[in-house]
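Spelled out, the chains give:
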Amino acid sequence: MPSIDSHLVRLRDVHLAFDDTPVLKGIDLDVGKGEAVSIIGPSGSGKSTILRCLTGLLKPQRGELTVAGTAVHELHGEADYRQLRQRVGFVFQQYNLFPHLSVLDNLTLAPRKVLGMPARQAQEQALALLAKVRMQHKAQAFPGELSGGQQQRIAIARALAMQPELILFDEVTSALDPEMVGEVLNVIGELTEEGMTCVLVTHEMRFAEDISDQVYFTEHGVIVEHGNAERLFNQPTQARTQAFLRHAGGESARRRAPQGYVLRNLSPYHLSV
Ligand SMILES: Nc1ncnc2c1ncn2[C@@H]1O[C@H](COP(=O)(O)OP(=O)(O)O)[C@@H](O)[C@H]1O
Ligand SMILES: [Mg+2]
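Since this is a predicted model, take the numbers as computed values, not measurements.

Rules used throughout
Residues numbered from 1 in each chain as written. Chains lettered and ligands numbered in written order. Predicted model: local features only at pLDDT ≥ 70, side-chain atom pairs only at ≥ 80, totals over all residues. Heavy atoms only, no water. Near = heavy atom within 4 Å. Polar contact = N/O pair within 3.5 Å; in protein donor to acceptor, adjacent residues only side chain to side chain. Areas by Shrake-Rupley, 256 points an atom, 1.4 Å probe, with all protein chains shown as cover. Helix = DSSP H or I, 4+ residues; strand = E, 2+ residues; numbered from the N terminus. Nonpolar A, V, L, I, M, F, W, Y, C, P; charged D, E, K, R; others polar. Pairing = 2+ DSSP bridges. Axes fitted to C-alpha atoms, helices over the stretch in contact; angles between N-to-C directions. Contact = heavy atoms within 4.5 Å. Salt bridge = Lys/Arg side-chain N within 4 Å of Asp/Glu carboxyl O. Buried < 20%, exposed > 50% of the residue type's maximum accessible area, 1.4 Å probe, protein only. Domains from an automatic or database assignment. Buried area = accessible area lost by both parts, 1.4 Å probe.

Q: Please provide a residue-by-residue account of the site of ligand 1, values included.
A: Taken together, Phe-18, Val-23, Pro-42, Ser-43, Gly-44, Ser-45, Gly-46, Lys-47, Ser-48, Thr-49 and Arg-52 make up the full set of residues near ligand 1. Between ligand 1 and Gly-46 there is a distance of 3.1 Å, counted from an oxygen atom to a backbone nitrogen or oxygen. Here an oxygen atom of ligand 1 sits 2.9 Å away from a polar atom, N or O, in the side chain of Ser-48. Contact with the protein chains hides 58% of the accessible area of ligand 1, taken as 550 Å² for the molecule alone. Broken down by element, the residue count for the shell around ligand 1 peaks at four residues, all from helix α1 (residues 47-54). Split into classes, the residues belonging to the shell around ligand 1 amount to three nonpolar, six polar and two charged.

Q: Could you give an account of the sheet that holds strand β10 (residues 222-228), naming the residues involved and the relevant values?
A: Within the open sheet, the six strands sit side by side as β6-β7-β8-β3-β9-β10. Their pairing is mixed. The open sheet is flanked by β6 (88-91) and β10, the only strands paired with a single partner. Strand-to-strand twist in this sheet, taken as the mean axis angle between neighbours without regard to direction, amounts to 15°. Here strand β3 (residues 36-40) runs beside strand β9 (residues 214-219); their pairing, made up of four bridges, is parallel. When the bridges of β9 are listed, Val-37 appears paired with Gln-214. Sitting on the sheet, helix α5 (residues 148-161) touches β6 and β7 (166-170), and the angle it makes with β6 is about 170°.

Q: Requested: an account of the pattern of salt bridges, with residues and values cited.
A: Counted under the stated rule, the structure contains twelve salt bridges. With a closest N to O distance of 2.8 Å, Glu-78 and Arg-85 form a salt bridge. Exposure remark for Glu-78: the relative accessible area of 44% places this residue in the partly exposed category. Classification of Arg-85 by relative accessible area gives partly exposed; the value is 27%. Put simply, Glu-183 and Arg-153 hold a salt bridge, and the shortest N to O gap is 2.9 Å. With Glu-183 in helix α6 (residues 178-193) and Arg-153 in helix α5, this pair connects stretches of sequence that are 30 residues apart.

Q: Describe the domain arrangement of the protein chain, naming the residues involved and giving the relevant values.
A: Domain parsing of the protein chain yields domain 1 (7-87 + 165-271) and domain 2 (97-163). Computed from C-alpha coordinates alone, the two centres of domain 1 and domain 2 are separated by 25 Å. Each partner contributes to the interface: domain 1 provides 16 residues, whereas domain 2 provides 16 residues. The junction of domain 1 with domain 2 conceals about 1200 Å² of combined surface from both sides, 64% of it contributed by carbon and sulfur atoms. When residues of domain 1 are sorted by the area they lose upon contact with domain 2, Gln-86, Glu-183 and Val-187 head the list and together hold 37% of the total. At the boundary of domain 1 with domain 2, the tally comes to three salt bridges. Put simply, Glu-194 and Lys-132 hold a salt bridge, and the shortest N to O gap is 2.5 Å. At the junction of domain 1 with domain 2, the criterion picks out four residue pairs in polar contact (both at pLDDT 80 or more).

What follows is the structure, given as structure tokens:
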């Protein structure tokens, strides 16, 4: 059994209700350091709620929740939560870049103000991150001048600029035109390959299968099934998982990579399809 130190995220029997409506009903989930873990499942099943618990934005009523060595269920003061959120990057469907700031300033603002990074260092870091997301040519542009896919790549760079210990991605390509999906997923794929710890909620099944170490399938606030990505996608044991995967566009659609996304882990099985 791995020591607790090798786990960046550990949820045990996490319960959360909004008013009297239970939304998470006993979630167990582990994310090892350097792992990519995907959460899939129907809309309303609690996926975003799980991610919001990881950043302390939502507080479960019951259960244990450890993130990067912090027992989140034991936090009290707002300062503790703020500190937690600095260590956990979060990228949403909506990019929420500051519209009145240049791309470069979007990337340097929080490291300077929150981490106290010297301006010059923040700028050097920003330029390196822009190169990583292939946006260095837009350093001086304003968000409104960029496509959705470009803005989302900047949002990823902005999250990285805080040097987080893990990054959460919540359906980051759902609002994008199909031709922009690949450029964003390729960036995320590279991050996972470099060993960035990531938790992803995504509807892109072939992408999730390609990059994830572990996949969790949620429904009605419970984990129905979880396991190694290749096993879960190709041999789901639960009828609910099987039905969901069938529903997710059918076998052939599920096997198709998102437009522009370059598969990184072609198994022999997939090569023959
Ligand atoms: N702030 C909230 N107040 C009340 N209900 C909420 C709130 N946020 C989410 N819910 C409900 O919790 C359930 C799970 O939501 P969510 O985690 O967003 O699901 P998913 O991300 O899987 O689509 C849904 O039924 C949703 O309506
Ligand atoms: Mg959601």
